[in-house]
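Here are the chains, one letter per residue:
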Amino acid sequence: MGRGVLSQEVEVCSKTVINSCRDCIRSGAYCTWCKQLNFTKPGEQEAARCDTRAQLEERGCMGKDIVSPLNILTVTKNTALSTNAFVKDEPIQLRPQEVNLKLRPGLPRTFKLDFRRVEGYPVDLYYLMDLSYSMEDDLRSIKTLGNELFKALQGITKQGRIGFGSFVDKTVLPFTNTNPEKLKKPCEEKELFCQPAFGYRHVLSMTENKADFNREVDKQRISGNLDSPEGTLDAIMQAAVCGDRIGWRNSSTRLIVLTTDDGFHMAGDGKLAGILEPNDERCYMDNKLYTKSNDMDYPSVGQVASQLEKNNIQPIFAVTKNMENVYRELSRMIPKSEVGVLSEDSKNVVELIQAAYNRLSSKVTVTHDALPDNVRVTYTPLCPGGGPAGDKGVCDNVKVSFNVTVTADECIDRERSFLIGPLGIKDKLKVSLSTRCECECDDPKEENHKDCDGKGKVKCGMCSCNAGFVGQKCECAIGEKDESSLRAACRKDNGTECEGRGDCVCGICQCYAQQGGSTYYGTHCECENESCEKFQNKLCGGNGKCRCKICECNPEYEGTACQCKKSDEQCRTPSGSVCSGRGTCQCNQCKCIEGYQRPYCLTCPACQTPCITKGKCIECLGFQTGPFSKNCSQTCKSINEFEMVETLPPGKPCDVRDVENCRVKRNMLQPPGRPKNVWLLMSVIIVLECPELPNIYAIIGGSIAGVALIGLLILLIIKAILYMRDVKEFRRFENEQKKGKWSPVSDISIWKQTENHMNMTCTAQ
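Keep in mind that this is a model prediction, so the values were computed, not measured.

Novice: I'm lost on the pairing of strand E22 (residues 456-459) in this one. Help?
Specialist: Across four bridges, E22 lies against strand E23 (residues 462-465) in antiparallel orientation. Note on E23: the bridge partner recorded for Lys-457 is Ser-464. Counting the residues that bridge the hairpin from E22 to E23 gives two residues, and of these Cys-460 lies at a positive phi of roughly 55°.

Novice: Help me out: how do you make sense of the packing of helix H4 (residues 146-156) against helix H6 (residues 210-218) in this one?
Specialist: To describe two helices that pack against each other, one gives the angle between their axes and the distance between the axes. Orientation of H4 relative to H6, taken along the N-to-C sense of each, is 140°, at an axis distance of 9 Å. By the angle class used here, H4 and H6 are oblique. Taken as a pair, H4 and H6 cross one another with a handedness that is right-handed. Contacts between H4 and H6 pair Gly-146, Asn-147, Leu-149 and Phe-150 from the former with Lys-210, Phe-213 and Asn-214 from the latter. Here the residues of the contact of H4 with H6 are counted per class, giving three nonpolar, three polar and one charged.

Novice: What should I look at first to understand the state of the cysteines in this one?
Specialist: Disulfides are covalent bonds that link the sulfur atoms of two cysteine residues. Summed over the entire model, instances satisfying the criterion amount to 20 disulfides. A sulfur-sulfur distance of 2.0 Å marks the disulfide that ties Cys-13 to Cys-31. Linking Cys-13 and Cys-31, the disulfide has an S-S dihedral of approximately 105° and is accordingly described as right-handed. Note that Cys-13 is positioned in the segment before helix H1 (21-27) and Cys-31 in the loop between H1 and strand E1 (32-34), a separation of 18 residues in sequence. Assessed through its relative accessible area of 12%, Cys-13 is described here as buried. Here Cys-498 is linked by a disulfide to Cys-509, with a sulfur-sulfur distance of 2.1 Å.

Novice: What should I look at first to understand the packing of helix H7 (residues 232-241) against helix H9 (residues 301-310) in this one?
Specialist: Running from amino to carboxyl end, H7 crosses H9 at an angle of 25°, the nearest separation of the two axes being 9 Å. Between H7 and H9, the crossing angle belongs to the class labelled roughly parallel. Pair H7 / H9 crosses with left-handed handedness. Here H7 contributes Leu-233, Ile-236, Met-237, Ala-240 and Val-241 to the contact with H9, which in turn contributes Val-301, Gln-303, Val-304, Gln-307 and Leu-308. Of the residues belonging to the contact of H7 with H9, the class tally is eight nonpolar, two polar and no charged.

Novice: Would you explain the layout of surface pockets in this entry?
Specialist: Picture a little ball the size of a water molecule; that probe, rolled over the atoms, points out where space is still empty. Computed from the structure, the largest pocket encloses a volume of approximately 980 Å³. Together, 34 residues line the largest pocket, and Ile-18, Asn-19, Glu-46, Met-462 and Arg-487 are the ones closest to its centre. Those elements that provide at least two residues to the lining of the largest pocket are H1, E23, strand E24 (469-470), helix H12 (483-488) and strand E26 (502-505). Of the residues that constitute the lining of the largest pocket, the class distribution is 15 nonpolar, 10 polar and nine charged.

Novice: What is the right way to look at the pattern of salt bridges in this model?
Specialist: Between side chains of opposite charge, a pair can form when the charged atoms approach closely. This model, assessed by the stated rule, comprises 23 salt bridges. The partner of Asp-413 in a salt bridge is Arg-416, and the shortest N-O contact between them spans 3.1 Å. Put simply, Glu-497 and Arg-491 hold a salt bridge, and the shortest N to O gap is 3.6 Å. The structure contains a network of salt bridges with shared partners spanning Arg-22, Arg-26 and Glu-438.

Novice: Would you take a moment to explain the confidence of the model for the protein chain for this structure?
Specialist: Caution applies to low-pLDDT parts of the model: their predicted coordinates are not meant to be read in detail. Of all residues in the protein chain, 85% attain a pLDDT of 70 or more, and the chain-wide mean is 82. This model gives residues 1-8 a pLDDT under 50, and the stretch forms 15 contacts once residues within four places in sequence are excluded. Segment residues 760-765: pLDDT under 50, and one contact once partners within four positions in sequence are set aside and those in other chains are kept.

Novice: Looking at this structure, how should I read the nonpolar core?
Specialist: Across soluble globular proteins, you tend to see nonpolar side chains buried next to one another. Residues Tyr-127, Met-129, Ile-142, Phe-164, Phe-213 and Val-349 are the most contacted members of the largest nonpolar core, which totals 36 residues. Ranked by residues supplied to this core, first place goes to helix H11 (residues 349-362) with seven residues. Contacts of Phe-213, omitting those with residues within four sequence positions, involve Gly-146, Leu-149, Phe-150, Ile-162, Gly-163, Phe-164 and Leu-204. Core analysis: the second largest hydrophobic core is formed by 33 residues, Met-237, Ile-246, Phe-317 and Val-339 among them.

Novice: Help me understand the sheet that holds strand E2 (residues 50-51) in this model?
Specialist: Within a sheet, each strand pairs with its neighbour through backbone hydrogen bonds, oriented either parallel or antiparallel. Strand order in the open sheet made by the three strands is E2-E1-E3, with antiparallel pairing throughout. The open sheet has two free edges, formed respectively by E2 and strand E3 (66-67), since each of these has just one partner strand. Strand direction decides the pairing type here: E1 and E2, joined by two bridges, are antiparallel. Note that in E2 the partner of Trp-33 across the bridge is Cys-50.

Novice: In this structure, what is going on with the packing of aromatic side chains? I would like to understand it.
Specialist: Note on aromatic pairs: each is described by the distance of the centres and the angle between the planes. Overall, the coordinates contain seven aromatic pairs when judged by the stated rule. Each ring, one from Phe-175 and one from Tyr-298, has its centre 5.8 Å from the other, and the planes form 80°; the classification is edge-to-face. Linking Phe-175 in the loop between strand E9 (160-167) and helix H5 (180-184) with Tyr-298 in the loop between strand E13 (289-290) and H9, this pair joins segments that are 123 residues apart in sequence. Members of the aromatic cluster, joined through ring pairs, are Tyr-127, Phe-150, Phe-164 and Phe-213. Its guanidinium or amino end placed over the ring of Phe-198, Arg-201 lies 4.5 Å from that ring's centre, counting from NZ or CZ. Sitting over the face of the ring of Tyr-284, Lys-292 holds its NZ or CZ atom 5.6 Å from the ring centroid.

Here is what the cut-offs are and how they apply
- Residues numbered from 1 in each chain as written.
- Predicted model: local features only at pLDDT ≥ 70, side-chain atom pairs only at ≥ 80, totals over all residues.
- Heavy atoms only, no water.
- Pairing = 2+ DSSP bridges.
- Helix = DSSP H or I, 4+ residues; strand = E, 2+ residues; numbered from the N terminus.
- Axes fitted to C-alpha atoms, helices over the stretch in contact; angles between N-to-C directions.
- Parallel < 35°, antiparallel > 145°, perpendicular 65-115°, else oblique.
- Left-handed = near helix turned anticlockwise from the far one by under 90°.
- Contact = heavy atoms within 4.5 Å.
- Nonpolar A, V, L, I, M, F, W, Y, C, P; charged D, E, K, R; others polar.
- Disulfide = S-S within 2.5 Å.
- Buried < 20%, exposed > 50% of the residue type's maximum accessible area, 1.4 Å probe, protein only.
- 1 Å grid on protein atoms, 1.4 Å probe; cavity = no way out; pocket = protein on both sides within 12 Å on 5 of 7 lines; lining within 4 Å.
- Points joined across faces, edges and corners; volume = space filled by probe spheres on them.
- Salt bridge = Lys/Arg side-chain N within 4 Å of Asp/Glu carboxyl O.
- pLDDT = per-residue confidence, 0-100.
- Core = buried A, V, L, I, M, F, W, Y, C linked by side-chain atoms within 4.5 Å.
- Phe/Tyr/Trp six-rings, centres within 6.5 Å; stacked < 30°, edge-to-face > 60°.
- Lys NZ or Arg CZ within 6 Å of the ring centre and 35° of its normal.

Below is the structure:
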C-alpha cells in the first residue's frame, strides 16, 4: 500500500512545528502519530507523539495506536486489451483505463501500465503538399502515385483513409507579390497552368475512394510566392485543429505527410508584414480556405507541437535533401515525428511513408498531459534497452509495459486528474488523484472523557477542551481571561511560548527536564545551568558555578569562564600605580580606557597632542594674550603648575605659533593617574620669537614696476611683429616689379594725338 516503495531510503521524520496529528502527518512522508492515551510524560510536549514508526514502537507505543495514512490505489476501469481492430466496440490498446490514487505527501506509489498495439488499427493519412513554384515536378509525380499510395496504405491496414491539402504562404508583402495581376498568376509568364496565390487550402477530406483522391489531386495547379520559406506551420496548425473538416476518426492512427523543398516561417515573422496578432490555435476555415492567413501571425513550433500531441497526430516530414537538417531539428522539438528525404521528383514518397510509419509504429513513447501542482510522474520501461526511469517511457516493441510512479510532494485541496498514454494514440489512462493529509484516529465517543479531567474529549490521543478550559488535561479554567492572553504571559518579548522549553499551563510556564537530569527554570524557562562558557573543556573552568548561562566565579578567580586567578602583579607600573590609573586589571592584564595602550596605559597615540589643544592657554597664562586672556583662570584650570624660564630643560618641547605668528616653546607632562584632559605644565620660555613684518611699500612698488615692465615688453613684441610683416610685404612688392616687361611701340599714333577744332564763327563769314 505504499510502504517500502523506496526500500533503500532511510525513514526519517523531519519534524517542524507540531501541535496536532494533522501537523505531524503533513510534516514528512515517514512521520507517524501515537494516539495512545497518556503516552507523553509529565512536562513533555505533545509533539513527542510524532516520530517514525520504529521510534514510536521503541518508546512503547502500540502498533494499533500508531496513525500513519498509507497510499491507496483503486483500479476503477481495467478492460482487457484487444487482440485486433475487428471488434464490435472500439479496440482497447491500454490497460488499465482508470485508476484512483490517494497518496500520502512525499510517499510514492507505483503501478503497472500495459500497452499492446492492435493489429489492423485504422489509419488516417493527410497528405499536405507545398504548391510553391519550385514543387512543380513533385506535383506531377504525386498525380501519378495515387494508386500506389492507396496500395501501400492497404498493406498497413484494411481501414485506411487519405485526405489532401495544400499550402504556399500568406498573400501579403513581403511574402507574396501583391500586384493584382501577380496575385492572380504568381508563377512565371511561360507557366500556363497556375492558380492564384493562397495560404492554406483543404482540398479533400478523409476518404477510402481512390477515384476521389486521384480526381482532386489531378485538379491541383502550382502557385507561387516571393521568399523561400513557406507558410508550413500555418497549414499544419489548421490541419490539426480543424478535425471535423479534415475528417479525423476518433479511433485511428493519425498521420500528416508534409512534402516540401523549403523552410518555414514561424511566430514573429508576421511582423514583417505588419501582422501583430498572435496565433490563437483555433480553426478558421471557410470554403476550405484558411481565412485568417493574412490577419494572424504564424504559430510557434511549441504551439504546433502542443496541438499535434493534443490531437494524437504524428507528422512525417518528406523533404528534399537540402532541407533534411532543418526538419530533423524540427522533429526533435515535435514528439513522435519522423523525417524522410524525397528524391528530386518525389517518386519515392510512397516508400518514404512506409518506412516512416514502420519507425513510428514500432516505438511506444508514454507520457502525460499537464500535471497538478507539486505532483511528479516517472516511467520505468519494462522492456530490453528501455533505459532508466524518467518523465517519459520509451520502448521499441508492439507489446510493452511500464512501471508508473506517482508522487505528491504536498497536500492537494481537492481531487485532481490527469491523463497518461502513448504519444499518437487515442487510448489514455485517467488518473484521479487526492492526498491523505488528515488523521483517522477512531477516537472514543465520550464528550467529557476522564483523561481530560471530564472537561473535554479525546482527539487522536490529545484532549480537545470544552470552552473555558485549557491545558494538556483541560486542568486550567481560564475564567474571564481568554486563552490568547494566558499564552501571551508565557512568551518573553513576544517570542516562543516558554522559550520552547516548557508548557504554558494557566499562564505559567512548566519547564521541561533536560537530558542530563537538570531542569530548565526561570519565569519563561529561559535559564539552564549547562551552557556557560567553558575553559579547558570544563564548565566555568572548574573554578565557579554556572547560573542561568553566566559563570559565578570562586573568590580567587575571575573571567567570563573563571579562567584567571585574581592578581595585579603584571598591571603595576614602576611607580606602583595599577594601569597608570587609566584602566582596570583583568586576568593580570591592563584593560585600558579608550585610546591608551597596554601594558601600563601610559601612552595614547590616538589622543590629540597637547601642543595644539593647550596652546591658547599658554598664551593667556604666560603672556596674557590670545582669545582666552579675559577668562584664563576658568578656561585653563586643567593646567595646574607652570613656570616661565629663559631656556627649556632637556626633552622634546612643543613648538607652536600664536595668533600673531610668534613661536612659543614649552615642555608639558601628564602625571600618572590624571585624566586625558588634565596636564601639568612644567616650563614655558619667557621670550617669544616673532618674525619680522614684511616691507609693505617695497612690495607695492615692486608690484607696480613689474606690471609696467610686463606691459612695455608686450608693446615691444607687438611692434616687432608689425615691423617684420611690413618688411615682408615690401620685399614681395619689389620682386613683382622686377618681373614686369615693356614692349616697344611701332604705331606712333598711339603716342601722338591730333585734335581738330571747328570755329563756327569763321565758317559763317
